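Overview (structure and organization)
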Amino acid sequence: MDGRDTEDFGTADTREQPGEEVRDGRGLARFARPALIAGSVVVVVCVALLVIIFFLDSFNATVYSVGGKDVKDATDEARAIRDTYAAAKVGGIIFLILGAVAALAGGFVLYRERNTAAPIDEDDDGQDWDYEDLAGE
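**So, the pattern of salt bridges**
Summed over the entire model, instances satisfying the criterion amount to 3 salt bridges. The shortest N-O distance in the salt bridge between Asp57 and Lys89 comes to 2.6 Å. In this pair, Asp57 is assigned in helix H2 (residues 29-65) and Lys89 in helix H4 (residues 86-112), connecting sequence segments 32 residues apart. The class for Asp57 is buried, based on a relative accessible area of 16%. A salt bridge links Glu113 to Arg112; its shortest N-O distance comes to 3.6 Å. Classification of Arg112 as partly exposed rests on a relative accessible area of 47%.

Below, the structure written as structure tokens:
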């Protein structure tokens, strides 16, 4: 050997070899946080979209009824106004449900794995580096 202590530098067995895939043993827990965040964002965006559509729908019905007509009439014009945002409503509701399911599933997995110890990083030598150490100050 060249005199270096193998305890400080690790052994050939613990080092990552190029081309090897490093597997994280946490399973679904590594996807839980991104699913929770993405699901929550989708829910917030869908709720905002549905609120905007509700106000636009109300505005269109109000403008249509100013001339003495009713948006609930059986005319083609009233039906067109009612169906203006139908696809956006259905899509918003579907994505709202999918986002809520993803957020709930991510939250459940994080809650279930809350007491599981994090995997030990073999390269961690226990030192705590702060900004001054890294900046050389």
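**Remarks on the environment of Asp76**
Locating Asp76 in the fold gives a position in helix H3 (residues 76-82). The exposure class assigned to Asp76 is exposed, which follows from its relative accessible area of 59%. Here the side chain of Asp76 touches Arg79 through a polar contact of 2.9 Å, side chain to side chain.

Reading the values: rules and limits
- Residues numbered from 1 in each chain as written.
- Predicted model: local features only at pLDDT ≥ 70, side-chain atom pairs only at ≥ 80, totals over all residues.
- Heavy atoms only, no water.
- Salt bridge = Lys/Arg side-chain N within 4 Å of Asp/Glu carboxyl O.
- Helix = DSSP H or I, 4+ residues; strand = E, 2+ residues; numbered from the N terminus.
- Buried < 20%, exposed > 50% of the residue type's maximum accessible area, 1.4 Å probe, protein only.
- Polar contact = N/O pair within 3.5 Å; in protein donor to acceptor, adjacent residues only side chain to side chain.

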